[in-house]
Amino acid sequence: MFEFRTVAVAAVVLLGLGSGGAQALYDVEPGEIPGRPGTLIRIWPLEGGAPGVRGGAADAFRILYRSTSPSGQTIPVSGAIYIPSGPPPAGGRNVIAWAHPTSGVMPPCAPSLMPDVGGMMWNLGAMIREGYIVVATDYPGLGTDGIHPYLIGESEARSVIDSVRAARDMPNSGATNRFAV
């Protein structure tokens, strides 16, 4: 019985420490939040890059961008973006917005915080080889503070559309207005 309690306490402590690091990555100061939906707040390289994408064919980043909450307030939302390496072709690059399935309802459950988020996206390598930018929202409340409005379609749709806008706001992405979800 003693061993089980010791293991359980250790697991709780480790899980607590892990989520604190996740929160720190996406902490936002109140003055950073105002702005148009889809504009970028911050960009970080995504450690591990784009699994499944061969030979440095894509640049991978974590992003923090602005969206709109169910109550109409501007909020920060996190996500990830994969951009084919090299200059964009004439006419730009179209965007695929990956709207992920359920990954949890707490901030540490954000797909962009997972060590292999690119590995969760079927055919990411093929999409990159075809020249698409792939952007993946975490949805509000996953990665960032706040309540995750789970299964609130309007909120999820806003965060997906605003992730496409963030892809267009990304420096040197060459993202067009054409996208698919």
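The structure presented is a predicted model; accordingly, all values stated were derived computationally and were not measured. (Residues numbered from 1 in each chain as written. Predicted model: local features only at pLDDT ≥ 70, side-chain atom pairs only at ≥ 80, totals over all residues. Heavy atoms only, no water.)

(A) Looking closely at the overall build of the chain. Across its full length, the chain holds 4 helices and 6 strands. Mapped in sequence order, the helices and strands of the chain form the string α-β-β-β-β-α-α-β-α-β. Counting the 181 residues in the chain, one finds 42% classified as buried. In the chain, of all internal contacts separated by at least 6 residues, the share reaching a separation of at least 24 is 68%. Here the chain displays about 9,500 Å² of accessible surface, and carbon together with sulfur accounts for 61% of that area. (Helix = DSSP H or I, 4+ residues; strand = E, 2+ residues; numbered from the N terminus. Buried < 20%, exposed > 50% of the residue type's maximum accessible area, 1.4 Å probe, protein only. Contact = heavy atoms within 4.5 Å. Areas by Shrake-Rupley, 256 points an atom, 1.4 Å probe, with all protein chains shown as cover.)

(B) Structural view of the environment of A80. Note that A80 resides in strand β3 (residues 74–84). On the accessibility criterion, A80 (1% relative accessible area) is buried. In the structure, A80 is positioned 87 residues away from A167 in sequence and 9.6 Å away in space, judged by C-alpha atoms. Look past the residues within four positions of A80 in its chain and what remains in contact with it is L46, F61, R62, I63, S112, V134, V135 and A136.

(C) Looking closely at the environment of A57. For A57, the location among the structural elements is in the loop between β1 (40–45) and β2 (58–68). Judged by its relative accessible area of 27%, A57 falls in the partly exposed class. For A57 and R129, which are 72 residues apart along the polypeptide, the C-alpha to C-alpha distance reads 7.5 Å. Residues within four places of A57 in sequence aside, it is in contact with I83, P84, S85 and I128.

(D) Structural detail: the environment of C109. One can find C109 in the loop between β4 (93–98) and α2 (117–120). Considering only alpha carbons, one finds C109 and G141, 32 residues apart in sequence, at a separation of 9.2 Å. Contacts of C109, omitting those with residues within four sequence positions, involve S103, G104, M114 and L142.

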